[in-house]
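One-letter residues, chain by chain:
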Amino acid sequence: MEKPMERWEPLRKGIGLFVSKRHTFGMDAVILARFAAPKLQDVACDLGSGCGIIPFLWALGNGPVRIDGVEMQEDGVKLMTRSVDVNRLGHRVRPICTDLRRYYPGQIYDLVACNPPYFKEGTASADAGRTAARFEHTATLDDVVQCAARILKDKGRFCMVHRPERLCDCIVAMREASLEPKRMRMVHQRADRAPVLVLLEGRKRCRPGMVIEPPLVLTQSDGGFSEEYRRMYEEQGESQWQGR
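A brief structural summary. Keep in mind it's a predicted model, so treat the numbers as computed, not measured.

Before going further, it helps to spend a moment on helix 1 (residues 27-36). Within helix 1, 9 of the 10 residues are buried, which leaves the element mostly enclosed by the surrounding structure. Restricting attention to buried positions, one finds in helix 1 the residues Met-27, Asp-28, Ala-29, Val-30, Ile-31, Leu-32, Ala-33, Phe-35 and Ala-36. Two residues or fewer after helix 1 comes Ala-37, characterised by a positive phi angle close to 45 degrees.

Turning our eyes to something else, we now look at the pairing of strand 8 (residues 179-188). The buried fraction of strand 8 amounts to 8 of the 10 residues, a majority that puts the element mostly inside the structure. Summarising the sheet, strand 8 and strand 9 (residues 195-204) pair through 9 bridges and their orientation is antiparallel. Residue Arg-183 lies in a different strand from strand 9, and its bridge partner there is Glu-201. Linking strand 8 back to strand 9 in an antiparallel pair, the connection comprises 6 residues. Where strand 8 and strand 10 (residues 211-212) come together, 2 bridges link them in parallel fashion. Note that in strand 10 the partner of Arg-183 across the bridge is Val-211. Bridging between strand 8 and strand 11 (residues 216-217) involves 2 bridges; their strand directions are parallel. Bridge pairing in strand 11 links His-188 to Val-217.

With that settled, consider the side chain of Thr-219. Mapped onto the elements, Thr-219 comes out in the loop between strand 11 and helix 7 (227-235). Exposure remark for Thr-219: the relative accessible area of 9% places this residue in the buried category. Engagement of the side chain of Thr-219 in a polar contact is seen with the backbone oxygen of Gln-189, the distance being 2.5 Å. Setting aside its immediate chain neighbours within four residues, Thr-219 contacts Gln-189, Arg-190, Gly-224, Phe-225 and Ser-226.

Reading the values: rules and limits
- Residues numbered from 1 in each chain as written.
- Predicted model: local features only at pLDDT ≥ 70, side-chain atom pairs only at ≥ 80, totals over all residues.
- Heavy atoms only, no water.
- Buried < 20%, exposed > 50% of the residue type's maximum accessible area, 1.4 Å probe, protein only.
- Helix = DSSP H or I, 4+ residues; strand = E, 2+ residues; numbered from the N terminus.
- Pairing = 2+ DSSP bridges.
- Polar contact = N/O pair within 3.5 Å; in protein donor to acceptor, adjacent residues only side chain to side chain.
- Contact = heavy atoms within 4.5 Å.

This is the structure:
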C-alpha cells in the first residue's frame with residue numbers, strides 16, 4: 001500500500017506539525033480550539049485528534065498543563081507522535097492510540113473537545129480514514145458524548161463543533177449524558193447567510209441555563225475575511241488552514 005504523502009505544516013512560535021491527505025485539518029478544528037478556551041491549570045483531551053491540530057493549537061499558548069490526543073487510526077497517531085518529538089512537547093502533549101468507545105482513564109479531565117464526524121450516513125470513500133472522519137461508521141455522536149461524560153470531572157467542560165442541522169441531536173445527546181449545554185455560538189460564512197457550523201459547550205452535572213454568544217462571521221460582503229477571522233488566521237502565523 002502506498003504511503004500517504006506527508007508534509008510539514010508551520011503554525012507559529014516555531015511550532016508546526018506533520019499532516020497528510022488523510023489526516024489534515026480545516027477551519028472547524030481551529031475555531032473549536034479557540035472556542036474551548038483552555039485554562040492554564042486544565043488537564044485536557046481531544047477526541048478523534050487526527051494529526052493533533054487541536055492539541056498543538058492549545059500548546060501554542062500557556063495552557064493546558066497536559067493535553068491528550070486520542071485517535072484510533074495508527075497513521076494519525078504516528079504523525080502526531082513525530083510532531084510531538086520534533087517540537088519537544090512530550091512534557092505537555094501525549095498521543096494515545098485507542099478507540100474512544102473503549103477509553104476508560106477515569107474522570108481525570110477538566111476539558112474535553114471533539115470535532116466529530118458530521119454525517120450519520122453517506123457514500124463511503126475508498127479511503128477508510130476519510131470515511132471515518134466524515135461519517136459515523138466507527139463512532140456515533142452518542143459515542144463521542146458518552147466518552148466525554150465518563151472521562152470528565154464534575155463541572156468539567158465538553159466543547160464540540162457540528163453542523164446546525166444536527167443541533168437538536170447534539171443537545172439531546174449531551175443532556176442524556178449529564179452534560180448540560182451552557183454555551184452556543186453559530187458560525188456563518190457571511191452575515192446574510194444561514195450558519196454553516198455550530199459551537200457548543202456543555203458542563204458535567206451543572207444546572208440548566210445556556211448563553212448564546214454573538215455569531216462568528218467568516219467573510220465580509222466583499223468576500224474578504226472578517227476582522228475576527230483574520231485575527232485568528234494572523235495568530236496562527238504561516239499556517240494555510242483558512243483555505244481548506
